[in-house]
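The chain contents come next:
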Amino acid sequence: MSVATRNGTGPVDAPVAPPRVVRQRRMRPGLLGLAVLLIALGGLGAAFAVTSVRATGSYLAVARPVEVGRQVSADDLVPVQVAGGQGLAPVPAGRLDEVVGKRAAVSLTPGTLLTMAQLTDDPLLGPGQQQVALGLGPAEVPARKLHPGDKLLLVSTPDGDDDRPAGAATRFQATVIDAVTSDDDEVVVYLALAVRDVPAVVALSSQERIALVLTEAA
């Protein structure tokens, strides 16, 4: 290598400095192994997440309508494959024998998954009770949605020729077994009534002279 001098006497030879070598740090074997382990665990976690989302199970679904209080048979149900299922509590298909013979606590709709909360071993009608169905318009229902177990007060309403004061109305205690809304918005309410009250309630209902009051929500 030639270097020019300040006084212009021409280039002179000068020693060339060797290049500086930067030493690279060596990764400790323990840290390298830890990094590999973390990468492997991350891959396994991702694979488990994908498997969990895509996992399917066999559960029981309702195959045909089942009315409230009727015993469930094997023909009422069908096994279906459902992907995921997180947050749901459907009955596994393997528990079919545990389900058959139980009563429907609510109306079972075809195409829906069956849950144990929809079934009961208890009779829906208590001792001395009978079931009555009342067809009501949307404005005649005392709540936006009635649920099994709701307590109702049935009150007779006067007709055009009834001069009795409002305090003389007849009252009946009832418990909701189920409520179903039809396509024309009519609400059918299934009630458990004392046997002695059934004839009077049926007569008042046929005359459209009965009102429902919600006294206790289930």
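Residues numbered from 1 in each chain as written. Predicted model: local features only at pLDDT ≥ 70, side-chain atom pairs only at ≥ 80, totals over all residues. Heavy atoms only, no water.

Engineer: Lay out the sheet that holds strand E11 (residues 210-216) in plain terms, naming residues and giving numbers.
Structural biologist: Strands belonging to one sheet form pairs held by backbone hydrogen bonds; the direction of such a pair is parallel or antiparallel. The sheet built from 5 strands is open, its strands ordered E7-E10-E9-E8-E11 with antiparallel pairing. Sheet topology places strand E7 (129-136) and E11 at the edges, where each strand pairs with a single neighbour. Here the strands of the sheet are splayed against their neighbours by 40° on average, with no regard to which way each runs. Bridge count between strand E8 (residues 151-156) and strand E9 (residues 171-181): 5 bridges; the pairing is antiparallel. Paired with Leu154 across the bridge in E9 is Phe172. Helix-sheet contacts for helix H3 (residues 198-206) involve E7, E8, E9, strand E10 (187-194) and E11, and the interaxial angle to E7 is about 10°. (Pairing = 2+ DSSP bridges. Helix = DSSP H or I, 4+ residues; strand = E, 2+ residues; numbered from the N terminus. Axes fitted to C-alpha atoms, helices over the stretch in contact; angles between N-to-C directions. Contact = heavy atoms within 4.5 Å.)

Engineer: Which residues make up the pattern of salt bridges, and what values go with them?
Structural biologist: Evaluation of the coordinates by the stated rule reveals 5 salt bridges. With its nearest N and O atoms 2.9 Å apart, the salt bridge here joins Lys102 to Asp121. Of this pair, Lys102 sits in the loop between helix H2 (96-99) and strand E5 (103-104) while Asp121 sits in the loop between strand E6 (119-120) and E7, and the two are 19 residues apart along the sequence. What makes Lys102 buried here is its relative accessible area of 15%. (Salt bridge = Lys/Arg side-chain N within 4 Å of Asp/Glu carboxyl O. Buried < 20%, exposed > 50% of the residue type's maximum accessible area, 1.4 Å probe, protein only.)

Engineer: Run through H3, naming residues and quoting values.
Structural biologist: Within H3 the residues assigned to the buried category are Val198, Val201 and Leu204. Looking down the long axis of H3, one finds its buried residues gathered within 135° of arc, a one-sided arrangement. Facing away from the buried surface of H3 by more than 90 degrees, the exposed residues are Pro199 and Ser206. (Arc of directions from axis to C-beta.)

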